[in-house]
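# Notes for the structure review
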Amino acid sequence: MRGFRSTLVLALVVSATLISVGVSDVGAAPGDVVINELLYHPEDDRPDGEFVELYNRGGSSVDLSGWCVDGIRYCFGAGTTIAGRGYLVTTSAVWDGALSNGGEDVALLDAAGAQVDFVEYDDKEVWPASADGNGASLQRLDVNAAASDPGNWVGEPATPGRANATRSAPLPVFDDVEHTVLPAPGAPVVITANVTNAARADLVYRIGFGPTTQADVTLADGVVTAQIPGQAAGELIRYRLRAVSADDTRGTWPRQGDGATFTGTTVAAGGFDAVPRFDWYMPDDVYTRAEADLTLSGDDGYPAIFAYGGEIFDNTKVRVKGQTSRFWTKKKWKFVLPDGHELEIDGVLYEDVDEFALHSNWSDKSFLRETLAAEFMERAGVPTSQAFPVSLVRNGNFYGLYTYVEQRDGTFRDRQGLDDATIYEVGGNDLFGEMEPRHASMTEERLRRRYDKDTREYEDDGPLRELILGLNASPGARRAYVDQHVDKASVINAIAASAVSQHYDFGLKNYDLALIEQGLWEIYPTDFDM
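Residues numbered from 1 in each chain as written. Predicted model: local features only at pLDDT ≥ 70, side-chain atom pairs only at ≥ 80, totals over all residues. Heavy atoms only, no water.

This part takes up the pairing of strand β17 (residues 213–216). As judged from the 4 bridges shared by strand β16 (residues 200–207) and β17, these two strands associate in the antiparallel manner. By the bridge assignment, Val204 is partnered in β17 with Gln214. In this antiparallel pair of consecutive strands, β16 and β17, the connection spans 5 residues, and Gly208 shows a positive phi of 60°. (Pairing = 2+ DSSP bridges. Helix = DSSP H or I, 4+ residues; strand = E, 2+ residues; numbered from the N terminus.)

On to empty space enclosed by the protein. Considering all chains together, one arrives at 1 cavity of 30 Å³ or more under this definition. Here the largest cavity is characterised by a volume of approximately 50 Å³. Across the lining of the largest cavity, the residue classes break down as 4 nonpolar, no polar and 4 charged. (1 Å grid on protein atoms, 1.4 Å probe; cavity = no way out; pocket = protein on both sides within 12 Å on 5 of 7 lines; lining within 4 Å. Points joined across faces, edges and corners; volume = space filled by probe spheres on them. Nonpolar A, V, L, I, M, F, W, Y, C, P; charged D, E, K, R; others polar.)

It is worth spelling out the state of the cysteines at this point. Tallied over the entire structure, the rule returns 1 disulfide. Shown here is the disulfide that connects Cys68 with Cys75, its sulfur atoms set 1.9 Å apart. In this structure the cystine formed by Cys68 and Cys75 twists about its S-S bond by roughly 95°; its chirality is therefore right-handed. The exposure class assigned to Cys68 is buried, which follows from its relative accessible area of 18%. On the basis of relative accessibility, which here comes to 44%, the residue Cys75 falls in the partly exposed class. (Disulfide = S-S within 2.5 Å. Buried < 20%, exposed > 50% of the residue type's maximum accessible area, 1.4 Å probe, protein only.)

Turning our eyes to something else, we now look at the sheet that holds strand β7 (residues 74–75). The sheet built from 4 strands is open, its strands ordered β7-β6-β10-β11 with antiparallel pairing. Among the strands making up the open sheet, the edge pair consists of β7 and β11 (115–121). Across 3 bridges, the pairing between strand β6 (residues 68–70) and strand β10 (residues 104–109) is antiparallel. Within β10, the residue paired with Val69 across the bridge is Leu108.

Secondary-structure assignment places Gly113 in the loop between β10 and β11. By relative accessible area, Gly113 is classed as partly exposed at 47%. Sequence spacing of Gly113 and Gly66 is 47 residues, and the spatial spacing of their C-alpha atoms is 9.0 Å.

On to the sheet that holds strand β33 (residues 521–525). With antiparallel pairing, the 4 strands of this open sheet are ordered in space as β31-β30-β32-β33. Of all strands in the sheet, those bounded by a partner on one side alone are β31 (451–453) and β33. When strand polarity is set aside, the average angle formed by the axes of neighbouring strands in this sheet is 30°. Where strand β30 (residues 422–426) meets β31, 3 bridges bridge the pair, whose relative direction is antiparallel. Residue Val426 lies in a different strand from β31, and its bridge partner there is Tyr451. (Axes fitted to C-alpha atoms, helices over the stretch in contact; angles between N-to-C directions.)

Right, let's talk about helix α1 (residues 284–292) for a bit. Taken as a whole, α1 has its buried residues at Val286, Tyr287 and Ala290. Viewed end-on, α1 has its buried residues packed into an arc of 100°, placing them on one side of the element. Residues of α1 that are buried make contact with β23 (277–281), β24 (302–308), β25 (311–321), β26 (332–336), β28 (387–394) and β29 (397–406). (Arc of directions from axis to C-beta. Contact = heavy atoms within 4.5 Å.)

Trans is the common state for peptide bonds, and a negative phi is the common state for residues other than glycine. The omega angle of the peptide bond from Trp253 to Pro254 is -5°, so this bond is cis rather than trans. Among the structural elements, Pro254 can be located in the loop between β21 (250–253) and β22 (263–266). Notably, Asp221 is not glycine yet its phi reads approximately 55°, a positive angle. Looking at the element boundaries, Asp221 is found in the loop between β18 (218–220) and β19 (223–228). With a relative accessible area of 81%, Asp221 lands in the exposed category. One non-glycine residue with positive phi stands out, namely Asp527, at about 60°. Mapped onto the secondary structure, Asp527 falls in the segment after β33. Exposure remark for Asp527: the relative accessible area of 22% places this residue in the partly exposed category.

Attention now goes to the pattern of salt bridges. Tallied over the full model, the rule gives 23 salt bridges. Residue Asp48 is joined to Arg46 by a salt bridge in which the shortest nitrogen-to-oxygen separation is 3.3 Å. Taken together, the shared-partner salt bridges in this structure form one network comprising Glu444, Arg448, Lys453 and Asp461. (Salt bridge = Lys/Arg side-chain N within 4 Å of Asp/Glu carboxyl O.)

A few words on the packing of aromatic side chains. For the coordinates displayed, the defined rule picks out 22 aromatic pairs. Between Trp280 and Tyr287, the ring centres sit 5.7 Å apart and the planes meet at 65°, which makes this aromatic pair edge-to-face. Classification of Trp280 by relative accessible area gives buried; the value is 0%. Classification of Tyr287 by relative accessible area gives buried; the value is 11%. Between the aromatic rings of Phe335 and Phe356, the centroid separation amounts to 5.3 Å while the plane-to-plane angle is 10°, which identifies the pairing as stacked. Here Phe335, found in strand β26, pairs with Phe356, found in strand β27 (residues 355–359); they are 21 residues apart in sequence, far enough to count as distant. Across this residue pair, the class does not change: Phe335 and Phe356 are buried. Sitting above the plane of the Tyr287 ring, Arg394 keeps its charged end 4.1 Å from the centroid. (Phe/Tyr/Trp six-rings, centres within 6.5 Å; stacked < 30°, edge-to-face > 60°. Lys NZ or Arg CZ within 6 Å of the ring centre and 35° of its normal.)

What follows covers the pairing of β11. In the sheet, β10 pairs with β11 via 6 bridges, with the strands oriented antiparallel. The residue of β11 that forms the bridge with Val106 is Val119. The antiparallel hairpin formed by β10 and β11 contains 5 residues in its connecting segment, where Gly113 sits at a positive phi of about 90°.

Shown next, in the form of structure tokens:
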């Protein structure tokens, strides 16, 4: 920890995945050992990349023989100790279980099974979303305060085996935050929230892209109330709650580690509602830069606010997407919602999503091809992204009729039973995936430009190289390879469905290549708008 004057000594204990760091003995009790840091969702999704870090806040070493961490199904071996004022890290490489990406209970038990420490973490709202695969771990602020308090945890870059990035008293925590949704024009937005560990509080808000205005709030018995003046139809209203504790720690809503800076709503506005209405707010100068920037990929994008049904998603990232379509007059767009936030549309979306694409139908004047093709593929049994028409409104003005297209991310893969599949997007980086023999000997970087690896990126591409060679072998050897390694029924079905739906932009690109859990290759056509 910061402030310790003793020299830290690093020692490997039990195995290469168990690290203990500490100082000389001065006197400690078993109750001094606490859960100090959790990495439950590594950014690269490596299954062996998770870790639990313990800290001994006492002055002498503690014998952890037979102690267990419930939740990961791991017990420490005989002779395991944690040094005084020291850290001990155990990684998922040696566990029988794993930490849940969606939150769970983690308990530290002594050799007699008594609970020594306990935390029930989550991946959003009162817990920092940055720890959910977004480059941060959960780090405890105060080892002497309760682990069960979400205000005692922050999301920061991981520090296994050493002092956490920040030490302080727990932060004030806002919860049960509610406000008027879709107020009528001129009607105020009324805000209420519960807050703990707060000596005082206030609120700042913004109307549209205007300046930040500070507003007083009423704080009584742990309840905050406030109002924002009424605004015109279609206006964007954003606000942020702030609180300061008696220890001068500062908490906000949205909280530290959340992907959004503000929460809020939009003022009710009439208009086109035959299909779902998506509102997109972005200053004109930022929009001009975003529309002209054809270089971005992945989850990169320009800052914007997305809204649906009065719910806003501050710090959404937006970029132009596609290949040839990047040069169309009417662009296709990708929207990435802020960490910790998902779009939910009951009766419309199959599942809550944190990213999606909006396709412009520039090459399809019927505005139906993509929606009909997606429905046809789905009925043919081909794993397919959901697609449906939406009305897109930018800064209160109708922008266009677009097609919502589900992204083939973890949520999609989970629904399709492809959690453990190795998936490549073929031809996704402006280079076709022709399956030529020379591709099998390319460097990893060059190979993945043609076959963009979406999952299990930490593994090598040996099976893909074998597939390329197998498909280019002599007729007899090729037949034997396909019989053993390709799900022929799935591939034939996908090709037939593409032919019937006239998906002509498929073959060298616009499909996913998947090595499923059974060790067989399948293909899934994508991008039906041409």
